[in-house]
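If you want the building blocks of each chain, they are given just below.
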Amino acid sequence: MSESPFHIEHRYLELPRSFYSRVTPAPLSGAHMVCFNHALARQMGFHTSNPDDWTSVGAGQALLEGMDPVAMKYTGHQFGVYNPELGDGRGLLLWETVGPDGRRWDWHLKGAGQTPYSRFGDGRAVLRSTIREYLCSEAMHGLGIPTTRALFLVSASDPVRRETIESAATLMRVARSHIRFGHFEFAAHHEGPEAVATLLEHVIALHFPHLIDLPEDERRQRWFTEVVERTARLIADWQAVGFCHGVMNSDNMAIIGDTFDYGPYAFLDDFDAGYICNHTDQGGRYAYNRQPRIGLTNCQYLASALLTVMDEDDIRRCLRHYETTYNEHFRQRMMDKLGLAERDDADMTLIMDTFSMLHEHHIDYTLFFRGLSNLHSHGTAPVRDLFVDRSVADEWLERYEQRLQQETRAHDEREHAMRRVNPKYILRNYLAQQVIDSAKEGDFAPMEELLKVLERPFDEQPDSEKYAAAPPDWGKRMDISCSS
Ligand code: AMP
Ligand code: MG
């Protein structure tokens, strides 16, 4: 692979030296390529008939010509407390490539060993967490939600100490950018206005090119407004699909609005508004129903970092877009999920009452909306059967049917549209766990199979019905910790 099929750049290195440290990956032993994302590789502009060609890169044993690995420096607020010591503690940005469609890709090798920012960490990632990140980034992509992607996963034999001894693995995570809110916090609180301005203009040049030619004040305002709006829309997307991130620290917020850093995440099974998926988050700071508010908090942290390069009133005006964008986008998502194309002033009440009902009666979130998407074609049973007390379902269905009478679309047309927004298949935690259990035995076929299903979450896949079932009791509310 001496000749690269894509255009190589490493624009991150144009930032001041304080933004990174050069680090050589620490090699792993007994490495195997266990999962390779061929479709993504094609999109990025290359093809490989033999994924094993990439094993040595994934294992930190080899670098391709042009790779110049760096650990990125950032800081951030973790659980509301500022931590100046952060940075890539176990991941390295190897290079950036540009695909045939002009799209940029950062290649980030997660689990590549210690860096100056590792603090007490070993610089490694374990197989379990690496699989979880791979699965979820691809599941999110399948759902149409902005996310980092998983290019390939390499397992190794090196032992890694977590709560028990586990084995090491690496993930080649790719994204248009790995720059986080925390990069700006680092620049502002440790480097000064010039560094903030340099970083800001770098981000605009690479990821917001439509703003480049605007006068400085307007350019920065429009940029920050877009960041705020993308963040608000992303979180509305999460809420609509029942996704809990689990660790919404400001260092886990991507400046381009991708879902970033998959740790103890969960998709809701039985709807629970206050669900906390991260068992180290005892106060529930990042509970499902707090995510929209925390999204704004993170934008406020970013805003503080921009104070030296933008006018305070302008920043405040940009921040105001968060709430309006979130509310509008969330409302639209829920209208789509309910199949309501006409507007009615009472719809928000219907939406909130629906959430209250799902919460009070512990109704499976995904099955409920998928059931609604087939109401007239398959009947009410798939929805009614989710309720212990059928009268609750009947009462709600009657109200819903009444509301549907205001709609002008034909039933089949509406339900077709609903099936494009209400997934049949989501990455339930227990499904991920089953895949992990097999992988630990050396069998990666279940992972491949699940990934195939999650690629098309809205399609009926008759051979894969088992993946659409409600979770078994053991699979609900699984304890997922941060120790990845
Ligand atoms: P996370 O909770 O994964 O977002 O990580 C928070 C910070 O801890 C980041 O700076 C990570 O790079 C760092 N970190 C997490 N796990 C490790 C590890 N095993 N070794 C070194 N640094 C780590
Ligand atoms: Mg992180």
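The preceding data block contains the structure.
Just so it is clear, the structure is predicted and the values come from calculations on it, not from any experiment.

Criteria and thresholds
- Residues numbered from 1 in each chain as written.
- Chains lettered and ligands numbered in written order.
- Predicted model: local features only at pLDDT ≥ 70, side-chain atom pairs only at ≥ 80, totals over all residues.
- Heavy atoms only, no water.
- 1 Å grid on protein atoms, 1.4 Å probe; cavity = no way out; pocket = protein on both sides within 12 Å on 5 of 7 lines; lining within 4 Å.
- Points joined across faces, edges and corners; volume = space filled by probe spheres on them.
- Helix = DSSP H or I, 4+ residues; strand = E, 2+ residues; numbered from the N terminus.
- Nonpolar A, V, L, I, M, F, W, Y, C, P; charged D, E, K, R; others polar.
- Donors = N, O, S within 2.8 Å, 3.2 Å for Na, K, Ca; no water.
- Buried < 20%, exposed > 50% of the residue type's maximum accessible area, 1.4 Å probe, protein only.
- Contact = heavy atoms within 4.5 Å.
- Phe/Tyr/Trp six-rings, centres within 6.5 Å; stacked < 30°, edge-to-face > 60°.
- Lys NZ or Arg CZ within 6 Å of the ring centre and 35° of its normal.

A few words now on empty space enclosed by the protein. Overall, the coordinates contain four cavities of 30 Å³ or more when judged by the stated rule. Roughly 60 Å³ of internal volume is contained in the largest cavity. Surrounding the largest cavity, 14 residues form its lining, Y12, E96, D106, I179 and H202 being those nearest its centre. The set of elements that each furnish at least two residues to the lining of the largest cavity consists of strand 7 (91–98), strand 8 (104–110) and helix 5 (193–207). For the lining of the largest cavity, the element with the highest residue contribution is helix 5, accounting for three residues. Of the residues assigned to the lining of the largest cavity, the class counts are five nonpolar, four polar and five charged.

Surrounding the magnesium ion (ligand 2) are the protein donor atoms N252 (OD1) and D261 (OD), which sit 1.8 to 2.2 Å from the metal. When sorted by exposure, N252 lands in the same class as D261, which is buried.

Another point: the side chain of D237. Of note, D237 is situated in helix 6 (residues 216–241). Not counting chain neighbours up to four residues away, the residues in contact with D237 comprise I145, P146, H329 and R333.

With the rule as written, the count across this model stands at 33 aromatic pairs. Pairing F184 with W223 gives two aromatic rings, centres 5.4 Å apart and planes at 35°, and the pair type is tilted. Linking F184 in helix 4 (residues 181–191) with W223 in helix 6, this pair joins segments that are 39 residues apart in sequence. Of the two residues, F184 and W223, both sit in the buried class. Residues F243 and Y265 carry aromatic rings whose centres are separated by 6.2 Å and whose planes lie at 25° to one another, so their mutual orientation is stacked. Here F243, found in strand 12 (residues 243–244), pairs with Y265, found in the loop between strand 12 and strand 13 (266–267); they are 22 residues apart in sequence, far enough to count as distant. For the pair shown, F243 and Y265 are each scored as buried. Each residue in the set F271, Y288, Y326, F330, F355, Y365, F368, F369, F387, W396 and Y400 is aromatic and connected to the rest through ring pairs, giving one cluster. The aromatic ring of Y265 is capped on one face by R132, whose charged end is 4.1 Å from the ring centroid. Between R173 and the ring centre of F260, over which it is positioned, the NZ or CZ distance is 4.7 Å.

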